[in-house]
Amino acid sequence: MKPDADVEHDDAGETDEGARRRKRTYAYLTLWGISVDLAAIPVPLTSEVAIPSLDAVIGRAKALALCSLKGQGLTQFEVFAFADAYEVWDHLSIAENDYILDPDPSSDADTNHAWRYEGVKVLEWCLGLVPHLGFPDKPGDSGAAIKICIEDLCVGSRNVAALRPVKDLLDAADVARGLHVVAQAVQQSGAAMPSGLHPGVAFERHTAFTWLLALPG
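Quick look at the structure, then.

Conventions and cut-offs
Residues numbered from 1 in each chain as written. Predicted model: local features only at pLDDT ≥ 70, side-chain atom pairs only at ≥ 80, totals over all residues. Heavy atoms only, no water. Helix = DSSP H or I, 4+ residues; strand = E, 2+ residues; numbered from the N terminus. Rg over C-alpha atoms; globule rule 2.2 N^0.38 Å. Contact = heavy atoms within 4.5 Å. Areas by Shrake-Rupley, 256 points an atom, 1.4 Å probe, with all protein chains shown as cover. Lys, Arg positive; Asp, Glu negative; His and termini not counted. Charge placed at Lys NZ, Arg CZ, Asp CG, Glu CD. Phe/Tyr/Trp six-rings, centres within 6.5 Å; stacked < 30°, edge-to-face > 60°. Buried < 20%, exposed > 50% of the residue type's maximum accessible area, 1.4 Å probe, protein only. Lys NZ or Arg CZ within 6 Å of the ring centre and 35° of its normal. Axes fitted to C-alpha atoms, helices over the stretch in contact; angles between N-to-C directions. Parallel < 35°, antiparallel > 145°, perpendicular 65-115°, else oblique. Left-handed = near helix turned anticlockwise from the far one by under 90°. Salt bridge = Lys/Arg side-chain N within 4 Å of Asp/Glu carboxyl O. Nonpolar A, V, L, I, M, F, W, Y, C, P; charged D, E, K, R; others polar.

Next up on the list: the overall build of the protein chain. Helix and strand counts for the protein chain stand at 9 helices and 0 strands. Seen in sequence order, the protein chain has helices and strands lined up from the N terminus as α-α-α-α-α-α-α-α-α. Relative to the compact-globule value of 17 Å for 217 residues, the protein chain shows a C-alpha radius of gyration of 18 Å, a close match. C-alpha atoms of the protein chain, sized along the principal axes, occupy 55 × 45 × 30 Å. Partitioning the intrachain contacts of the protein chain with sequence separation of at least 6 by distance along the chain shows that 74% fall at a separation of at least 24. For the protein chain, the accessible surface area stands at approximately 10600 Å², while carbon and sulfur atoms represent 56% of it. Taken as two groups, the 18 positive and 31 negative side-chain charges of the protein chain have centres that lie 4 Å from each other.

It is worth spelling out the packing of aromatic side chains at this point. Under the definition given, this model contains 5 aromatic pairs. Ring geometry for Phe-80 versus Trp-89: centroids 5.3 Å apart, planes at 65°, classification edge-to-face. Residue classification places Trp-89 among the partly exposed residues on the basis of a relative accessible area of 25%. For the pair Trp-125 and Phe-209, a centre-to-centre distance of 6.3 Å together with 70° between the ring planes defines the contact as edge-to-face. On the criterion of sequence distance, the pair formed by Trp-125 in helix 6 (residues 117–126) and Phe-209 in helix 9 (residues 199–213) is long-range, its members being 84 residues apart. Above the face of the Tyr-99 ring, Lys-70 is positioned so that its terminal group lies 4.9 Å from the ring centre.

This part is about helix 6. Among the 10 residues in helix 6, 9 count as buried, and that is most of the element. If you check which residues of helix 6 are buried, you get Tyr-117, Glu-118, Gly-119, Val-120, Val-122, Leu-123, Glu-124, Trp-125 and Cys-126. Buried-residue contacts for helix 6 involve helix 2 (54–71), helix 5 (107–114), helix 7 (142–154), helix 8 (166–189) and helix 9.

Two elements in contact, helix 2 and helix 7, have axes separated by 10 Å at closest approach and are oriented at 135°. When the axis of helix 2 is compared with that of helix 7, the two are oblique. The handedness of the crossing between helix 2 and helix 7 is left-handed. For the pair helix 2 and helix 7, contact is made by Ile-58, Ala-61, Lys-62, Ala-65, Ser-68 and Leu-69 and by Ser-142, Ile-146, Cys-149, Leu-153 and Cys-154, respectively.

Our focus in this paragraph is the pattern of salt bridges. In this structure the tally under the stated criterion is 11 salt bridges. In this structure, Arg-21 engages Glu-17 in a salt bridge whose closest nitrogen and oxygen atoms are separated by 2.7 Å. Here the residue Arg-21 and the residue Glu-17 both occupy positions in helix 1 (residues 14–31), the gap between them amounting to 4 residues, near one helical turn. Of the two residues examined, Arg-21 and Glu-17, each falls in the buried class. Across the salt bridge formed by Asp-171 and Arg-21, the nearest N and O atoms sit 2.7 Å from each other. One end of the pair, Asp-171, is in helix 8; the other, Arg-21, is in helix 1, with 150 residues separating them in the sequence.

In this section: unusual backbone geometry. Although it is not a glycine, Glu-87 sits at a positive phi angle of roughly 55°. For Glu-87, the location among the structural elements is in the loop between helix 3 (76–85) and helix 4 (94–101). Backbone geometry at Ser-195 places phi at a positive 55°, although glycine is not the residue there. Its place among the elements puts Ser-195 in the loop between helix 8 and helix 9.

Here we come to the packing of helix 2 against helix 5. Packing of helix 2 against helix 5 brings their axes to within 7 Å, and their N-to-C directions diverge by 135°. Between helix 2 and helix 5, the interaxial angle falls into the category oblique. Two packed elements cross with a definite hand, and for helix 2 against helix 5 that hand is left-handed. Contacts from Cys-67, Ser-68, Lys-70 and Gly-71 of helix 2 reach helix 5 at Asp-110, His-113 and Ala-114. Classifying every residue of the contact of helix 2 with helix 5 by side-chain character gives 2 nonpolar, 3 polar and 2 charged.

What follows is the structure in structure tokens.
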């Protein structure tokens, strides 16, 4: 796809874009007292991503919402009713479809999928439905994320949703990846999370942006 008009470019082209984006990420992490070397992590560039359609992003948000609701205790009858009413089936991954169809999933599967509302919030931000994501130091409001999805994307007017500029999506994705890298490293070391970083939230945000931008995991 062509670079977004809002992205800063000069004669250095993509190198300049990447340098600006990574510099911004480092500044954000430093603001929260986090020092990390991200040199081995590629910077997402406009020339390397293909943003899904608006309908695809909306469908993905609904799929994550359904997985989260089932993980939080939605009955199988209610799960099928939701999937049918809001046309979610085509937006589930194979693994998610298996989970949705499983009448008796394990408690671990339920717990893992219940967290998907964090991904819903990320996509709602990408669609301009929430003003900011904030630092992931604590779980978000599951009820609020699901409510926005249902009211604005399932039964409401889709005219309220529009994808943010590619530059903004890539900037946020780079920060999310940086925080995920930090959380993984700290978990392995057994040290305390800097600034109260929540590894579960960092993981879900990174995963949501990875899907949106088709980035390497």
